[in-house]
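Each chain, written out:
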Amino acid sequence: MPDRLPLPKHVFRDAMARLASAVTIVTTDGAGGRHGFTASAVCSVSDDPATLLVCVNRSASTHAHLVANGLLGINILTHDQESLSTLFGSSRHDMETRFAAGRWKRGEIGMPLLVDALVSMECRIAQMQEVGTHTVMFVEPLCAEFLRSDISGLVWFDRAYRRA
Ligand SMILES: Cc1cc2nc3c(=O)[nH]c(=O)nc-3n(C[C@H](O)[C@H](O)[C@H](O)COP(=O)(O)O)c2cc1C
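Residues numbered from 1 in each chain as written. Predicted model: local features only at pLDDT ≥ 70, side-chain atom pairs only at ≥ 80, totals over all residues. Heavy atoms only, no water.

Visitor: Please explain the overall build of the chain as it appears in this structure.
Guide: Across its full length, the chain carries 4 helices and 12 strands. Against the 2.2 N^0.38 benchmark of 15 Å for 164 residues, the chain shows a C-alpha radius of gyration of 16 Å, consistent with a compact globule. For the C-alpha atoms alone, the extent of the chain along its principal axes is close to 55 × 35 × 30 Å. Expressed as a percentage of its 164 residues, the buried residues of the chain come to 38%. Taking all contacts inside the chain whose residues are at least 6 apart in sequence as the whole, residues at least 24 apart take part in 64%. For the chain, the exposed surface amounts to about 9400 Å²; the carbon and sulfur share of it is 53%. The positive charge centre, built from 16 side chains, and the negative charge centre, built from 17, are 7 Å apart in the chain. (Helix = DSSP H or I, 4+ residues; strand = E, 2+ residues; numbered from the N terminus. Rg over C-alpha atoms; globule rule 2.2 N^0.38 Å. Buried < 20%, exposed > 50% of the residue type's maximum accessible area, 1.4 Å probe, protein only. Contact = heavy atoms within 4.5 Å. Areas by Shrake-Rupley, 256 points an atom, 1.4 Å probe, with all protein chains shown as cover. Lys, Arg positive; Asp, Glu negative; His and termini not counted. Charge placed at Lys NZ, Arg CZ, Asp CG, Glu CD.)

Okay, here's the thing in structure tokens:
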């Protein structure tokens, strides 16, 4: 198949729309203050050592702060946290407005964590790889809190929010 053209972007996007993903809010804190954005491109890579990846658009305002701080929080959202996902998923809302919503605490290593996420983790960025428009951040979780077992998760599927 030497002469195959790459898949057109719109076909790729339509195919990926059918790949259900958990919705998270990725946060960081440091000299530049608190930052966070909605991310569904978060998944497990390996359990030895425990490693996840997070794909961050380099145009996202949080990107530079993640790189500078080298640490991040991952908040896996419950199905009733859709409004938080919308708030953290749009450039229309500044960081003050975003963090005014939801109940936040500082984690063990200082990352902003939701008190009522499904699970929250604090992680160290171990490696970064630039691919196209995004940086793939390979992160090692240092702590995890299991906060809710009584509720389903928020999922992004077919360009809409669903329950896990
Ligand atoms: C459901 C959903 C999932 C998203 N997943 C990602 C993602 O995995 N990576 C990413 O860089 N942006 C993702 N975004 C877009 C960012 O959240 C958004 O671009 C970001 O908040 C931009 O605002 P800012 O640059 O003002 O922070 C997602 C948005 C939504 C609504």
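Visitor: It is not clear to me how the environment of Ser-21 should be interpreted in this structure. Could you clarify?
Guide: Mapped onto the secondary structure, Ser-21 falls in strand E1 (residues 21-22). Ignoring sequence-local partners within four residues, the contact set of Ser-21 consists of Ser-40, Leu-154, Val-155 and Trp-156. Among the polar contacts made by the side chain of Ser-21, one reaches the main-chain carbonyl oxygen of Leu-19 at a distance of 3.3 Å. (Polar contact = N/O pair within 3.5 Å; in protein donor to acceptor, adjacent residues only side chain to side chain.)

Visitor: What's the story with the sheet that holds strand E11 (residues 154-157) in this structure? I'm lost.
Guide: In any sheet, the strands associate via hydrogen bonds between backbone groups, in a parallel or an antiparallel arrangement. The sheet built from 3 strands is open, its strands ordered E1-E11-E12 with antiparallel pairing. Only two strands of the sheet have a single neighbouring strand rather than two, namely E1 and strand E12 (160-163). (Pairing = 2+ DSSP bridges.)

Visitor: In this structure, what is going on with the environment of Leu-52? I would like to understand it.
Guide: When you line up the elements, Leu-52 lands in strand E5 (residues 50-57). Given a relative accessible area of 11%, Leu-52 falls into the buried group. In this structure, the C-alpha to C-alpha distance between Leu-52 and Arg-13, residues 39 residues apart in sequence, is 23 Å. Excluding residues that lie within four positions of it along the chain, Leu-52 makes contacts with Val-42, Cys-43, Ser-44, Val-45, Ile-74, Met-121, Met-137, Phe-138, Val-139 and Pro-141.

Visitor: It is not clear to me how the site of the ligand should be interpreted in this structure. Could you clarify?
Guide: The environment of the ligand is made up of 19 residues, and the closest members are Thr-38, Cys-55, Asn-57, Ser-61 and Phe-88. Ser-40 places a polar main-chain atom, nitrogen or oxygen, 3.0 Å from a nitrogen atom of the ligand. In the model, an oxygen atom of the ligand is placed 2.8 Å from a nitrogen or oxygen of the Phe-88 main chain. Protein burial of the ligand: of its 630 Å² of free accessible surface, 80% is covered by the chains. Of all elements in the fold, only strand E3 (35-39), E5 and helix H4 (95-100) reach the threshold of two or more residues within the shell around the ligand. The class makeup of the residues in the shell around the ligand is 10 nonpolar, 8 polar and 1 charged. (Near = heavy atom within 4 Å. Nonpolar A, V, L, I, M, F, W, Y, C, P; charged D, E, K, R; others polar.)

Visitor: So what exactly am I meant to see when it comes to the state of the cysteines here?
Guide: One way to say it: the disulfide is the covalent bond shared by the sulfur atoms of two cysteines. For the coordinates displayed, the defined rule picks out 0 disulfides. Here Cys-123 stays free of any disulfide, with the sulfur of Cys-143 as its closest cysteine sulfur at 8.3 Å. Residue class for Cys-143 comes out buried when judged on its relative accessible area of 17%. (Disulfide = S-S within 2.5 Å.)

Visitor: What am I meant to see in the packing of aromatic side chains here?
Guide: Aromatic ring pairs are reported here in terms of the distance separating the ring centres and the angle at which the planes meet. Inspection of the entire model under this criterion finds 4 aromatic pairs. Centre to centre, the rings of Phe-88 and Phe-99 are 5.1 Å apart; their planes meet at 90 degrees, and the pair counts as edge-to-face. With a gap of 11 residues between them, Phe-88 in helix H3 (residues 82-88) and Phe-99 in helix H4 connect regions that are remote in the sequence. Overall, Phe-99 belongs to the buried group, its relative accessible area being 6%. Relative to Tyr-161, the ring of Trp-156 lies with its centre 4.8 Å away and its plane at 65 degrees, an arrangement referred to as edge-to-face. Every member of this aromatic cluster is reached through a ring pair, and the members are Phe-88, Phe-99 and Trp-104. (Phe/Tyr/Trp six-rings, centres within 6.5 Å; stacked < 30°, edge-to-face > 60°.)

Shape is all these values report; function is a separate question.
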